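Listed below are the residues making up each chain.
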Amino acid sequence: MLDERLLLCAAPVLLAACSSGELAGTEPSEQLASAVAQTASLAPTSDVALDKIWGGGGTAPIFRLVDDGTSFAASDGGGTFARSAPGAATASLTLGYSGAPAGGARQVVVNVQAWAINGGAGTVRVHLYDGDTLLGSGPARALSASQQNLSETFGGLAVANGDRLRTQLVFQNTAGTGSLVSSIVWIDVTTPDDDGDGGTPPDEEPVVSDKLVPRNGAWWGAYNSSRSYGWDWGLAIKDFEAKAGRKLDIVYRYHDWGTTDNGVFPDRFETAQMNEGYIVHLSWESRRYSAGQNVTWTEIANGSQDAVIRAAAERVKNAPGKIMIAFDHEMDNTDVHSADGPDADYVAAYRRIVDMFRAAGATNVVWVWTPMGWSGTRARLPALYPGDTYVDWIGYDPYNFYECNGSGWKDPATTFGSHYDWMHAPAQMAWHGEKPYILSEFSSHEDPADPNRKGQWMRGIVDALKRYPDIKAVQFYNSNVTHRSPCKLAVDSSSQSVAGYAAAGSDPYVNQPHH
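(A) Region of the structure containing the packing of aromatic side chains. Applying the stated criterion to the full structure yields 33 aromatic pairs. With a centroid separation of 5.1 Å and an interplanar angle of 65 degrees, the aromatic rings of Trp-297 and Tyr-346 are classed as edge-to-face. Of this pair, Trp-297 sits in helix H3 (residues 297-301) while Tyr-346 sits in helix H6 (residues 343-359), placing them 49 residues apart in sequence. Of the two residues examined, Trp-297 and Tyr-346, each falls in the buried class. A ring pair is formed by Tyr-420 and Tyr-437, whose centres lie 5.7 Å apart and whose planes are at 50 degrees; its orientation type is tilted. On the criterion of sequence distance, the pair formed by Tyr-420 in helix H8 (residues 412-424) and Tyr-437 in strand E22 (residues 437-444) is long-range, its members being 17 residues apart.

Now the structure itself:
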């Protein structure tokens, strides 16, 4: 393999006052370039797009290249420099490269220094593009007044021409004042291996993480009720896939509390689906469906339900692979959980379940925490969060209910974005860490006045997901049943809806490899 270190290039506006100062910290050794790396200064490219980037003093946007292309520790403190306009909520800077390796790229590491000034607060995120195609996105990194050295790795790429690579910095300034500042120091581009055997470099990021997170894009999944299929959950999924025009990545199910009937998981359908390559995601509810009874969080937390937990752990550890489990999805929904106990007991119950599974050897579980995502209960969420060591994914359930519940029409980005943006604000990031997100349930109602509107909504799903790159999985809720009223939420509520959903599911962003 050849490693080539490429220096970033931007518009040729050089201003010494933009120097970002001395770089602090030491780069992790695994991110240092190979001893055989070659360094090449790149000529400026015209492929630079700016949006609300400010250089200070009323001057033109300012950015420059001064870095020597070695590392954070050895850098002379330059780099391509940009900052958001004072008080601007969003800003972005896109930089292209020229003179990249002719062999293309299979891994790109972008190293960034970033911080906040003059009272600014918020995040910076790195996106990597192949021309206009989004290849991947790093997490939103919270910034402070202290300079931070950040590194984002994008692996498993199949970029034919390295000079099509584009790196975009996206600022989100939530303070309403000040600015966010960034300096891209250098990038490493790993070319395809030179022996032509197609092998994977040993340091390349896996396609799927040990927590079932896809490296790029997002999983495409669904819940489909089996009531109309004689409770054959396998047939229900196959029928839905026929409408969706593709195989799902994730299948979603609900199980109640107990050791018989629907309390037993994984059942024969889920075991078969795991063997067929599906990711199985289960919502384990503290209710007994047949009896119409709730098992309270207090009962689970005080140990009186340990026999149920222990039996489930013994079954799950023998499942044919990893499985995602959420305990009491929408725990903030008072229609269901008002009598289950205080929020502290939910946290204690969740932790008790996870601890008992781990003690039993059921370490093949990926744990999901899924509130509603409704603004009316957000104030409760910090007290309902079990902690980063107990949560692997964060979920929420956004819907465009429209007139079904008396709200206005929301496009997919608005439907998904409100809770996402709130959770990514610095005040919320203070109580939870950086996690992948899953839309555990989502859908849209029909617009009676416009039969094409839901189909258009469906077609816009993936474009919306690309705006919120921490959403790494989505699960369509294929049912018209809700707690309060029937809605036209199913994918086959109209032919236009089916066509739009199938079109969205064909996008490469939601067709990711599993292995």
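From this point, things continue past the structure.
(B) Focus on the nonpolar core. Judged by nonpolar contacts, the single largest core of 73 residues is most densely connected at Trp-284, Phe-357, Trp-369, Phe-416, Ile-461, Ile-471 and Tyr-501. If one sorts the elements of this core by residue count, H6 sits on top with 8 residues. Counting residues in hydrophobic clusters, the runner-up holds 21 residues, among them Ala-91, Val-112, Val-126 and Phe-154.

(C) Spotlight on the pairing of strand E18 (residues 323-327). Burial runs high along E18: 5 of the 5 residues are buried. With burial as the criterion, each face of E18 is covered, one bearing Ile-323, Ile-325 and Phe-327 and the other bearing Met-324 and Ala-326. In this sheet, E18 lies alongside strand E15 (residues 279-284) in parallel orientation, the contact comprising 4 bridges. Bridging across to E18, Ser-283 finds its partner in Ala-326.

(D) Examining the side chain of Thr-370 more closely. Following the sequence through the fold, Thr-370 ends up in the loop between strand E19 (365-369) and helix H7 (381-384). Judged by relative accessible area, which is 0%, Thr-370 ranks as buried. Among the polar contacts listed, one links the side chain of Thr-370 to the side chain of Ser-440, at a separation of 3.4 Å. When near neighbours in sequence (up to four residues on either side) are disregarded, Thr-370 contacts Ala-326, Asp-328, His-329, Glu-330, Met-331, Gly-395, Tyr-396, Asp-397 and Ser-440.

(E) Spatial organisation of the pattern of salt bridges. As enumerated under the stated definition, the model contains 17 salt bridges in all. Note that Asp-249 and Arg-246 form a salt bridge whose closest N and O atoms lie 3.2 Å from each other. You'll find Asp-249 and Arg-246 in the same group, each marked buried. For Glu-270, the salt bridge goes to Arg-253, with nearest N and O atoms at 3.0 Å. Here Arg-253 lies in strand E14 (residues 250-255) and Glu-270 lies in helix H2 (residues 268-275), a separation of 17 residues in the sequence. Taken individually, Glu-270 and Arg-253 each receive the classification buried, so the pair is uniform in this respect. Bridged by salt links that share partners, the residues Arg-141, Glu-152 and Glu-434 form one connected network.

What counts and what doesn't
Residues numbered from 1 in each chain as written. Predicted model: local features only at pLDDT ≥ 70, side-chain atom pairs only at ≥ 80, totals over all residues. Heavy atoms only, no water. Phe/Tyr/Trp six-rings, centres within 6.5 Å; stacked < 30°, edge-to-face > 60°. Helix = DSSP H or I, 4+ residues; strand = E, 2+ residues; numbered from the N terminus. Buried < 20%, exposed > 50% of the residue type's maximum accessible area, 1.4 Å probe, protein only. Core = buried A, V, L, I, M, F, W, Y, C linked by side-chain atoms within 4.5 Å. Pairing = 2+ DSSP bridges. Polar contact = N/O pair within 3.5 Å; in protein donor to acceptor, adjacent residues only side chain to side chain. Contact = heavy atoms within 4.5 Å. Salt bridge = Lys/Arg side-chain N within 4 Å of Asp/Glu carboxyl O.

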